[in-house]
Amino acid sequence: MFYRLKKGLMFRALEKRNKEKPFDYSYAENFTLDGETDTLLNNSYYFSAHSGEMSFFARLGKRVHEDETWFALFLEGKLYSLKQEFFRSGESPLIVEKDGDKWTLSFRGVLNEKDQVSFVATFTPKQAPIDFTSNMPPERMAGAIANEKWSREFFNGLQNVSGQCHYEQEGVLEGQLTLNGKTMDFSLPCVRDHSFGKRDWNYMNNHLWLMAVSSSRQFNYSLVSYPVITALEVGNYRNESGMHYMMQADLDFRQVGKGSIPRELSFTVLLYNRQKIKVQAEVLTGITYHFKNGQYILHENIAEFRIDGQVCRGILEIGFNSQSERFFNGRDLNGIKR
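Residues numbered from 1 in each chain as written. Predicted model: local features only at pLDDT ≥ 70, side-chain atom pairs only at ≥ 80, totals over all residues. Heavy atoms only, no water.

Student: I tried to follow the packing of helix α1 (residues 2-20) against helix α3 (residues 138-146) on my own but got confused; where do I start?
Tutor: When two helices pack together, you describe them by how their axes are tilted relative to each other and by the distance separating the axes. At their nearest, the axes of α1 and α3 sit 8 Å apart, and the two run at 135° to each other. With respect to their mutual orientation, α1 and α3 come out oblique. Read as a crossing pair, α1 and α3 show a hand that is right-handed. On α3, the residues touching Tyr3, Lys6, Lys7, Met10, Phe11, Leu14, Glu15 and Asn18 of α1 are Pro138, Glu139, Met141, Ala142, Gly143, Ile145 and Ala146. Of the residues belonging to the contact of α1 with α3, the class tally is nine nonpolar, two polar and four charged. (Axes fitted to C-alpha atoms, helices over the stretch in contact; angles between N-to-C directions. Helix = DSSP H or I, 4+ residues; strand = E, 2+ residues; numbered from the N terminus. Parallel < 35°, antiparallel > 145°, perpendicular 65-115°, else oblique. Left-handed = near helix turned anticlockwise from the far one by under 90°. Contact = heavy atoms within 4.5 Å. Nonpolar A, V, L, I, M, F, W, Y, C, P; charged D, E, K, R; others polar.)

Right, dumping it as structure tokens:
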């Protein structure tokens, strides 16, 4: 009874906030760290593009003093990746620039410590951006907050997770890749992710992100656990009939709360149009990244998906705090209402 009451109160409060403070796309697109001194501030650009023949992902996480940098290709069954994870601010070999309503990526360097790579590509948006605060149905956040014990300290703690802006957009990534002297053109379905604000990796307990994309559909499922919110789940699915948001998922939390990479996942998602879709993911290969001197470990995996009967590729990203007792705040997972 108390859960339903708390969820209803939060639903109305979040619905009101989202109407009063709509997503400012122009501001978000032009955000920079110029003049900032807070080392916790983050301005992160991520691109993930996939087909049956090639997968690519890259991330430039700008901080005041350093650039967190990922760059990886999965081509003809072989993974090529940048080994160095951090560069001084402004010295990353990955360059991300805004060009009107498009984004350009360029990279020149060495992957796998021996493979010479030159990469230039342009992201062209094909769908409207999805803001994880104002576009996602407030029921998801309301339910996550209702699962917690309320107090003045709790609501003060919510400020630790409300300061991030996070949105995604689907499009096409087109460009040219030269690998060890061999040049190829490519055009791939792509999702770009932009987030900015304060991000302390050590504040996270654990998380999971599933993203799959093809020319005909795109799927997203995000699960994150913080000290103040044990389990927040959101998701969306685009197919030929349009965009649909997730109402509920039956993913077994035990599969993703062990501190290891699940090789396969299978679960069902209920959408707001009452449609149920089956989601299956199988890891193909991946890379491990380290944050806050190993306090948070993130595994970025390329995966094959079967979604609503259709096969496509994407990402199975999973991360864990070094303190395993913090996973899902050590709570009984069966007691979390979803």
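Student: Mind showing me how you'd approach the sheet that holds strand β18 (residues 296-307) here?
Tutor: For sheets, the rule is that strands pair by backbone hydrogen bonds, running either parallel or antiparallel. With respect to topology, eight strands assemble into a closed barrel ordered β12-β13-β14-β15-β16-β17-β18-β19, the strand pairing being antiparallel. Taken over all neighbouring pairs, the strand axes of this sheet differ in orientation by 30° on average, direction set aside. Sheet topology note: the strand β13 (residues 218-225)/strand β14 (residues 232-239) ladder contains seven bridges and is antiparallel. Looking at β14, one finds that Val224 is bridged to Leu232. (Pairing = 2+ DSSP bridges.)

Student: Would you mind showing me how to read the packing of aromatic side chains here?
Tutor: The geometry of an aromatic ring pair is captured by two quantities: the separation of the ring centres and the angle between the planes. Under the counting rule described, the total for this entry stands at 26 aromatic pairs. With centroids separated by 5.3 Å and ring planes inclined at 25°, the aromatic side chains of Phe119 and Phe186 adopt a geometry described as stacked. One end of the pair, Phe119, is in strand β8 (residues 115-125); the other, Phe186, is in strand β11 (residues 182-198), and 67 residues separate them in sequence. Here the two residues Phe119 and Phe186 agree in accessibility, since each one is buried. Taken together, Tyr46, Phe57, Trp70, Trp209 and Tyr289 form an aromatic cluster joined through their ring pairs. The ring of Tyr3 has Lys337 sitting right over it, with the charged end atom 5.7 Å from the ring centre. Taking the ring centre of Phe253 as reference, the NZ or CZ of Arg338 above it sits at 3.9 Å. (Phe/Tyr/Trp six-rings, centres within 6.5 Å; stacked < 30°, edge-to-face > 60°. Buried < 20%, exposed > 50% of the residue type's maximum accessible area, 1.4 Å probe, protein only. Lys NZ or Arg CZ within 6 Å of the ring centre and 35° of its normal.)

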